[in-house]
Amino acid sequence: MKLKHLLQAYKVNNIEAELKEMDDDREKAGVIIFNDSMSASYLLDDEDIVVSMVMFFNTINTPIGTKTPTITQMIDYTIKIINIIQNTIMLLSNISKKEAN
């Protein structure tokens, strides 16, 4: 899947994602930022198709203004992480939600 189509698909699936600005337009690797504690690096081929993606996330997200998250906040955040991972698998491999599960 082309990178621009992947970003559009995230938007359709209500997942906020943005590209980190790269210095060189010819760069074939970059970073997608989902939120302050989750991002993904990607590698493109010569046709700007995503051929590899590695996701990075902090499993314990502490909300701004609090010292420790509650169990409910940790569960909600974990659900968001799983949703992003599942949608990425579905989009990049062109499979249904049932197969992704």
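Since the structure is predicted, the reported quantities are computational estimates derived from the model, not experimental observations. (Residues numbered from 1 in each chain as written. Predicted model: local features only at pLDDT ≥ 70, side-chain atom pairs only at ≥ 80, totals over all residues. Heavy atoms only, no water.)

(A) Looking closely at the sheet that holds strand S1 (residues 18–19). The strand order across the open sheet formed by four strands is S1-S2-S3-S4, and the pairing between neighbours is antiparallel. Strand pairing shows two members of the sheet lacking a second neighbour, S1 and strand S4 (50–57), which therefore form its edges. As defined by bridge partners, strand S2 (residues 29–35) adjoins strand S3 (residues 38–44) across six bridges and the pair is classed as antiparallel. From the neighbouring strand, Ile32 faces S3, where its bridge partner is Ala40. (Pairing = 2+ DSSP bridges. Helix = DSSP H or I, 4+ residues; strand = E, 2+ residues; numbered from the N terminus.)

(B) Looking closely at helix H2 (residues 71–93). Here H2 is 23 residues long and its end C-alpha atoms lie 33 Å apart, about the 33 Å a rise of 1.5 Å per residue gives. Just beyond H2, the residue with positive phi is Asn94, at close to 55°. (Expected span 1.5 Å × (residues − 1).)

(C) A look at the packing of helix H1 (residues 3–12) against H2. Contact geometry for H1 and H2: axes closest at 11 Å, N-to-C directions at 135°. As judged from the angle between their axes, H1 and H2 are oblique. The hand of the H1/H2 crossing is right-handed. Of H2, the residues touching H1 (which contributes Leu6, Ala9 and Tyr10) are Thr88, Leu91 and Leu92. (Axes fitted to C-alpha atoms, helices over the stretch in contact; angles between N-to-C directions. Parallel < 35°, antiparallel > 145°, perpendicular 65-115°, else oblique. Left-handed = near helix turned anticlockwise from the far one by under 90°. Contact = heavy atoms within 4.5 Å.)

(D) Broad picture of the packing of aromatic side chains. For the structure on display, the rule yields one aromatic pair. With centroids separated by 5.2 Å and ring planes inclined at 90°, the aromatic side chains of Tyr10 and Phe34 adopt a geometry described as edge-to-face. Of the two residues, Tyr10 sits in helix H1 while Phe34 sits in strand S2, which places them 24 residues apart along the sequence. This pair shows no difference in class: Tyr10 is buried, exactly as Phe34 is. (Phe/Tyr/Trp six-rings, centres within 6.5 Å; stacked < 30°, edge-to-face > 60°. Buried < 20%, exposed > 50% of the residue type's maximum accessible area, 1.4 Å probe, protein only.)

Honestly, it's all geometry; don't read function into it.
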